[in-house]
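Letter by letter, the chains look like this.
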Amino acid sequence: MKHTTIALFVPHKGCPHQCSFCNQKSISGESRSITAADVEAAVETAKQNPYLKNAEIAFFGGSFTAIDRGYMLSLLEAAQKYIDSVKICGIRISTRPDAVDDEICGILKSHGVTAVELGAQSMSDKVLMMNKRGHTAADVESAIDLLKKYGFETGLQMMTGLYGSDKNESIVTASKIIDLKPDTVRIYPTVVMENTELADLYYKGIYRPQTVDEAAEICAELILMFESAGIRIIRVGLHSGGGVEQGRIAGAFHPAFKEICESKIYLKETESQLAAKGEYTVYVPKGALSQAIGQKKSNLIYLAGKGYSCRFKESDSLVKYQVLVKEMKYDT
Ligand code: SF4
């Protein structure tokens, strides 16, 4: 079920480590600690929307279950009293894989938390270590098992282009995540933020960030992997706003990143069906025309450069990422 999210950021709270890539203050655009009153104000504002239904109160950023216990409970209690199963159906949190145990699960469960997302980032211990994550892939596996035992909806977040990572590592990480069967995933290409260790590595020429195009090539493959495994992808690429644009030094950031990935999927599928140079009709699913044609008609222009004159059309009978190419002379 798709949920509206009332998002609240808990910046840099309770992180026992400082991951090489993270400047959570820049990412959340927020340096002040949110309070129970902030939670109440955000929910009260959201509730003024007469169409609000099935919303989740989401605590993102930081490591929610590792923050000061009293503070965490004050936020949860402020949120819990709004859960009414009509307008607001639950609470979503994100945290580190090594900040989840039986006691925490019990607290979350009794306070109306329904979904827990873990920042896995990679399933390679080498990459996790190089990026100072302070946990292992085994921590991700045991945390997911525990969360499932308690009946939470589970989510895993992974990153591409981390220091020490490459395309193969991302594919292996995605395969291992699929094996863990989370309900949802988020895919984030690495963005180099100012005042981070990764920024130092970048300035010294030790770390080369992915370009948007390189990241999109990899993420296009990951999207297809998760889609075919039936795992819901709830985000590809960092959100714009919230300080990312201002704090970003380098790396793969684009406000329409997912659309760029999807354009690559449609281009690849189209190319695989084209034969001799000529004129073609390319059928794509309803609603996918702009992705299939590409930003600024990039796919159309690319194909024309290869000698393929294509017109794109929507078809009701195709499903997401499916393409049907017909030579125009046979297309009636
Ligand atoms: S655990 Fe998360 S919030 Fe904390 S430093 Fe690492 S990436 Fe940032």
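Residues numbered from 1 in each chain as written. Predicted model: local features only at pLDDT ≥ 70, side-chain atom pairs only at ≥ 80, totals over all residues.

### Thoughts on the overall build of the chain
Right, so step 1: Counting secondary structure elements, the chain contains 13 helices and 12 strands.
Right, so step 2: For the chain, the spread of C-alpha atoms along the three principal axes comes to 70 × 50 × 35 Å.
Right, so step 3: Buried residues in the chain amount to 45% of all 332 residues. (Helix = DSSP H or I, 4+ residues; strand = E, 2+ residues; numbered from the N terminus. Buried ≥ 20, exposed ≤ 12 C-beta atoms within 10 Å, placed from the backbone.)

### Quick look at the packing of helix α7 (residues 167–180) against helix α9 (residues 212–228)
Any two packed helices are characterised by how steeply their axes cross, that is the angle between the axes, and by the distance between the axes.
Right, so step 1: Contact pair α7 / α9: the axes reach a minimum separation of 10 Å and the direction vectors enclose 15°. Between α7 and α9, the crossing angle belongs to the class labelled roughly parallel. Like other packed secondary-structure pairs, α7 and α9 cross with a definite hand, here right-handed. Residues Lys-167, Ser-170, Ile-171, Ala-174 and Ile-178 of α7 lie in contact with α9, whose contacting residues are Ile-218, Glu-221, Leu-222, Met-225 and Phe-226.
Right, so step 2: A breakdown of the residues in the contact of α7 with α9 according to their chemical character gives 7 nonpolar, 1 polar and 2 charged. (Axes fitted to C-alpha atoms, helices over the stretch in contact; angles between N-to-C directions. Parallel < 35°, antiparallel > 145°, perpendicular 65-115°, else oblique. Left-handed = near helix turned anticlockwise from the far one by under 90°. Contact = placed C-beta atoms within 7 Å. Nonpolar A, V, L, I, M, F, W, Y, C, P; charged D, E, K, R; others polar.)

### Some words on the environment of Tyr-188
Right, so step 1: Inspection of the secondary structure puts Tyr-188 in strand β6 (residues 184–189).
Right, so step 2: Distance in space between the C-alpha atoms of Tyr-188 and Cys-219 is 8.8 Å, their sequence separation being 31 residues.
Right, so step 3: Filtering out sequence-adjacent residues up to four positions away, Tyr-188 remains in contact with Gln-157, Met-159, Gly-237 and Leu-238.

### Regarding the sheet that holds strand β8 (residues 232–236)
Right, so step 1: Taken in spatial order, the 7 strands of this open sheet run β1-β2-β3-β4-β5-β6-β8, and their pairing is parallel. Only two strands of the sheet have a single partner each, and these edge strands are β1 (5–9) and β8. Adjacent strand axes in the sheet meet at a mean angle of 20°, parallel and antiparallel pairs treated alike.
Right, so step 2: Contacts between helix α2 (residues 36–47) and the sheet are confined to β1 and β2 (55–60), with β1 contributing the most and set at about 155° to the helix. (Pairing = 2+ DSSP bridges.)

### Details of helix α4 (residues 102–110)
Right, so step 1: Regarding α4, the residues found buried are Ile-104, Cys-105 and Leu-108. Each buried residue of α4 sits inside an arc of 100° when the element is viewed along its axis, so together they form one side. Exposed residues pointing more than 90 degrees away from the buried face of α4 are listed as Asp-102, Glu-103, Gly-106 and Ser-110.
Right, so step 2: Next to the buried residues of α4 lie β4 (113–121) and α6 (137–149).
Right, so step 3: Note on α4: the residue one or two positions beyond its end, Gly-112, has a positive phi of about 85°. (Arc of directions from axis to C-beta.)

### Some words on the nonpolar core
Right, so step 1: Residues Cys-219 and Cys-261 are the most contacted members of the largest nonpolar core, which totals 94 residues.
Right, so step 2: Considering each element in turn, this core owes the most residues, 8 residues, to α9.
Right, so step 3: Both domain 1 (5–255) and domain 2 (261–330) contribute no fewer than three residues apiece to this core.
Right, so step 4: Not counting residues within four places of it along the chain, the set of residues in contact with Cys-261 comprises Ala-216, Cys-219, Ala-220, Ile-223 and Val-236. (Core = buried A, V, L, I, M, F, W, Y, C linked by C-beta atoms within 7 Å. Domains from an automatic or database assignment.)

### Comments concerning the packing of helix α11 (residues 257–273) against helix α13 (residues 298–305)
Right, so step 1: Look at α11 against α13: their axes get within 10 Å of each other, and the N-to-C directions meet at 30°. Between α11 and α13, the interaxial angle falls into the category roughly parallel. Between α11 and α13 lies a crossing whose hand is right-handed. Within the contact between the two elements, α11 uses Ser-263, Tyr-266 and Leu-267 and α13 uses Ser-298, Asn-299 and Tyr-302.

### Examining the domain arrangement of the chain
Right, so step 1: Domain annotation of the chain identifies domain 1 (5–255) and domain 2 (261–330).
Right, so step 2: A straight line from the C-alpha centre of domain 1 to that of domain 2 covers 34 Å.
Right, so step 3: The partner domain 2 presents 4 residues to the 8 residues of domain 1 that form the contact.
Right, so step 4: In terms of residues, the side of domain 1 that touches domain 2 owes the most to one element, α9, which gives 7 residues.
Right, so step 5: Taken together, the residues of the side of domain 1 that touches domain 2 break down into 6 nonpolar, no polar and 2 charged.

### Description of the sheet that holds strand β12 (residues 324–327)
Right, so step 1: Spatial strand order, β11-β10-β12: 3 strands in an open sheet with mixed pairing. Unpaired on one side and paired on the other, β11 (308–315) and β12 mark the two borders of the sheet. Taken pair by pair, the neighbouring strands of this sheet meet at an average axis angle of 25°, ignoring direction.
Right, so step 2: Pairing geometry for strand β10 (residues 278–285) and β12, over 4 bridges, is antiparallel. Each residue of the ladder has a partner; that of Val-282, found in β12, is Val-325.

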